[in-house]
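Understanding the architecture of this molecule
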Amino acid sequence: MLENPYDPKTIDAAAQELWERLGVHRFDAAGSAEVFAIDTPPPTVSGSLHIGHVFSYTQAECIARFQRMRGKNVFYPFGFDGNGLPTERLTEKEHGVLGRSLPRPEFVALCLATTRKYEAQFEALWRRLGVSADWSLTYSTIDERCLRISQRGFRDLFEKGEVYLKTSPTLWDTETQTAVAQAELEGKEKRTLFSDLRFDLVDGGSLTIATTRPELLAACVAVFVHPGDERHKALAGRHARVPLFGHEVPVKNDEKVDPAKGTGVVMCCTFGDKTDVEWYQKHGLPLRQAIAADGKMTEAAGPEAGLYANQARKAVLERLKAAGHLLASREIDHVVQTYERTGREIEFLPTRQWFVRVLDKKVDLIRLGEEVRWFPAHMGKRYKNWVEGLEWDWCISRQRFFGVPFPVWYCEGCEAVRVAEDQELPVDPTTRSPAGPCTACGGTRWRPERDVMDTWATSSETPQINARWGEPAGLPRSPLPMSLRPQAHDIIRTWAFYTIVKSWIHHRAVPWRDAMVSGHVQAPGKQKISKSKGNAPSDPNDLVNEHGADAVRYWALSATLGNDYVYSAEDLSRGRALGVKLWNAARLAQQHLKDFVPGRDEPAEPLDRFMRARLHATCRAVTDDLEAYEFGTAKGKVEQLFWNDLCDNYLELIKGRLHDARPERAQARRAAQAGLFDALSTIVRLLAPFVPHVCEAVWQDLFAAPLATPSVGRAPWPVAPEGWADPLAESQGATALALLTAVRRWRSEQKLSPGVPLAEATLEVGSALAPHVAAVEADVKAALRVGALAVRADPTLAPDALRLLSARALPSGPA
RNA sequence: GGGCGCAUAGCUCAGUUGGUUAGAGCGCGUGCUUCACACGCACGAGGUCGGGGGUUCGAGCCCCUCUGCGCCCACCA
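First, a word on scope: everything that follows refers to the structure included in this document. (Residues numbered from 1 in each chain as written. Chains lettered and ligands numbered in written order. Predicted model: local features only at pLDDT ≥ 70, side-chain atom pairs only at ≥ 80, totals over all residues. Heavy atoms only, no water.)

**Some details on the protein's contact with RNA strand B**
The local shell around RNA strand B holds 56 residues, among which Thr212, Val266, His334, Arg493 and Arg785 are the closest. In RNA strand B, atoms within 4 Å of the protein come from the sugar-phosphate backbone in 65% of cases. In the model, a base nitrogen of RNA strand B is placed 3.4 Å from a nitrogen or oxygen of the Ile346 main chain. In this structure, Lys655 approaches RNA strand B through a side-chain N or O atom, which is 3.3 Å from a base nitrogen. Of all elements in the fold, only strand S13 (326–339), helix H9 (379–388), helix H15 (569–592), helix H17 (631–659) and helix H20 (727–749) reach the threshold of two or more residues within the surface near RNA strand B. (Near = heavy atom within 4 Å. Polar contact = N/O pair within 3.5 Å; in protein donor to acceptor, adjacent residues only side chain to side chain. Helix = DSSP H or I, 4+ residues; strand = E, 2+ residues; numbered from the N terminus.)

This is the structure in structure tokens:
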């Protein structure tokens, strides 16, 4: 195979076929080796496969390969997140339908088809990139096992009293018409009118409130002032009449009023913002709902009924102006909370939802977060920061269609909640009734819960899904806690957080020991990649077609864990060049190892031992880096070992011996062969987690048979023996390199071709180099093509300095 | 306003516990078709490590401060 030119397409396909055939990446369910279990992120089936996916998945994948070579029994599943709103929206877009306008089964079927289609695309790309997942462990968050475990999770929460049903003002998206969670909010800066409105007091006089939401006047239920605000001391306890709508509302004191904002007088509506919700509950205010679930004004809004909130805002301002109640109006920029999936402003609607208790667990959740080892460490602070800032329990019910149903019915007689028994799972309560009558009232008529769960309610159970929590024995499963959670930093507040919440409630333990958190890919110029800007780099499939899987991996692994990374086509080229270089070095090795007998000879010459010393140092450093998930620096060190130490230096220095056919030099030649074999077989293994395809090709042709290891993917991770460390050989090597550089520089200055042999060169060297010249002279002379090397020590030079006094080229060849 | 991170060669980035002339790749200059490789080889140019102050015998690394950039959170009065 190595006779052919380097061709990633052929190499990639051959390596992937081999891995599949040998089952190199299979988890050994019966194995006794230590398990390394990876909680792979199940990507959302959102329709767009982009370079960001490749980036973070490759980084974790490299760790899987490393741990497998270290002898660990690697549990590396793949998962797909088909659940939820992203899939629904994609399906709606692709089919030009609206979920709520179709019969539910029909829409769910469409969603399933969409999911399958994109799952296949994702899997194809991951396989092409050489992702070493055990595909037999694959799950999809909408398959039966995930449904069952997700519902089992809910049952556990219910039995432990950690989930509750509550009717209260809830974060609501008016486009998708569902409740959402705090973690799904996104602040957006918007320009709006900030208006001063005159309210007349019932007993005479007036007050002025400032608001950005005049359309909520119809929902105004109170007016608040700060108790310490001297300007408004006389207001509290009196009543004001709401302009246009005429109802009377009390004026009350509350510490939460900021006297410095607006006029220091604020109206409370049900509901404009979170403070309104708090005041509504704290002061026992009545409910006046002016906005409906679809974002349109209700009948309570009078003439504005049926308008969207932003339309109503303009209309109300017009009417206020006409009525003389609009005193002032100015434009301000302020941040409003929107739903991240639709970009629409969040409303607060009183609805009945299921909540998971999290606010009462902040202390435990922070402590648990501290038990996890975060890489890089500062990502742990982001988690802590989020937990500390929590203000709502986790709302897990969604008024949507495609998702895991709640395994819940309500008794028509007494409203008792019935949760399905474990053996009934998975269950769709809309198609089945519970067994037996209501235990509370004996009723037999049930109303199913029609909501589905938040996507995160299922994906937060990925450790349990991988562990087949509560499932019958027999199938391969992960231990808990898992070893590693790889993910990107933008979902610390969701995926990482919710997973820790569930793990705490279910098991009182961390879900995984380590979390490696990757950064984001940025477009050239450090721009955020966005569809609207159209600055996304090429489709990953095109990149693999063009440069090969190893080059794409190389790029992703050039980053530092946790840091954002700018996409660069140049790095892809460099990755490809590395493949070419390794391919060619292997060809050279193959040529010189034809008559090599492994294990017969030691790489005993000084420069052979020098190469071993370099291998020793690099193996240790690279292993430490990878243990700490520092794949970028690890890759750099291996690359330097390969390109500089091996190719540029060692190979050049032993070529003379490798070509020397004289019988008296046979021993020296065999030592060079042994050195070459050691070096290349070690380096190929060190490179394998990064660029596995070309490494596998080289391994097959050179090392699989002699080392009796059928795939580099299962080759033992190189741990260079202590004996390879060799300070003397390092000094000798340094001397050889100094001599090489000096003569090369002279050649360059003389503008001589390196091919022109030199008759002789005379040098002076410092005291640190002088003792080692003799040991390396033969190899150096051969590498430099110099006939005679006259070297003398000069005590006046710095110890490691060197000076070339003269050199003489041979007369050019016989013309 | 709160939290976190980043600021090192033209570009993209490394710099381990503070220690001699600060590194890499790309790009750039010069020379080379040298029997593995021109996706290559050799040699070279290029940085007052964002500004200021401090600790230290010594700071790119530690402390303070300022500036710029990014992300997260809060801010719907």
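After presenting the structure, the write-up continues.
**As for the packing of helix H2 (residues 51–69) against helix H16 (residues 606–627)**
When two helices pack together, their arrangement is captured by the angle between the axes and the distance separating the axes. Across the interface, H2 lies against H16 with an axial gap of 10 Å and an inter-helix angle of 125°. One way to sum up the angle between H2 and H16 is to call them oblique. Along this stretch, H2 crosses H16, giving a crossing that reads as left-handed. Of H16, the residues touching H2 (which contributes Cys62, Ile63, Phe66 and Gln67) are Thr623, Leu626 and Glu627. When its residues are assigned to classes, the contact of H2 with H16 shows four nonpolar, two polar and one charged. (Axes fitted to C-alpha atoms, helices over the stretch in contact; angles between N-to-C directions. Parallel < 35°, antiparallel > 145°, perpendicular 65-115°, else oblique. Left-handed = near helix turned anticlockwise from the far one by under 90°. Contact = heavy atoms within 4.5 Å. Nonpolar A, V, L, I, M, F, W, Y, C, P; charged D, E, K, R; others polar.)

**Details of the packing of helix H3 (residues 84–95) against helix H4 (residues 104–128)**
Their axes nearest at 9 Å, the elements H3 and H4 cross at an angle of 95°. Relative to H4, the element H3 is oriented roughly perpendicular. Note on element contacts: H4 touches H3 through Phe107, Leu110, Cys111, Thr114, Thr115, Lys117 and Tyr118, opposite Thr87, Glu88, Leu90, Thr91, Glu92, Glu94 and His95. Across the contact of H3 with H4, the residue classes break down as five nonpolar, five polar and four charged.

**Description of the side chain of Thr458**
Relative to the elements of secondary structure, Thr458 occurs in helix H10 (residues 455–459). According to the relative accessible area criterion, Thr458 is buried, its value standing at 1%. Residues in contact with Thr458, not counting those within four places in the same chain, are Asn83, Thr141, Ser150, Val404 and Ile465. (Buried < 20%, exposed > 50% of the residue type's maximum accessible area, 1.4 Å probe, protein only.)

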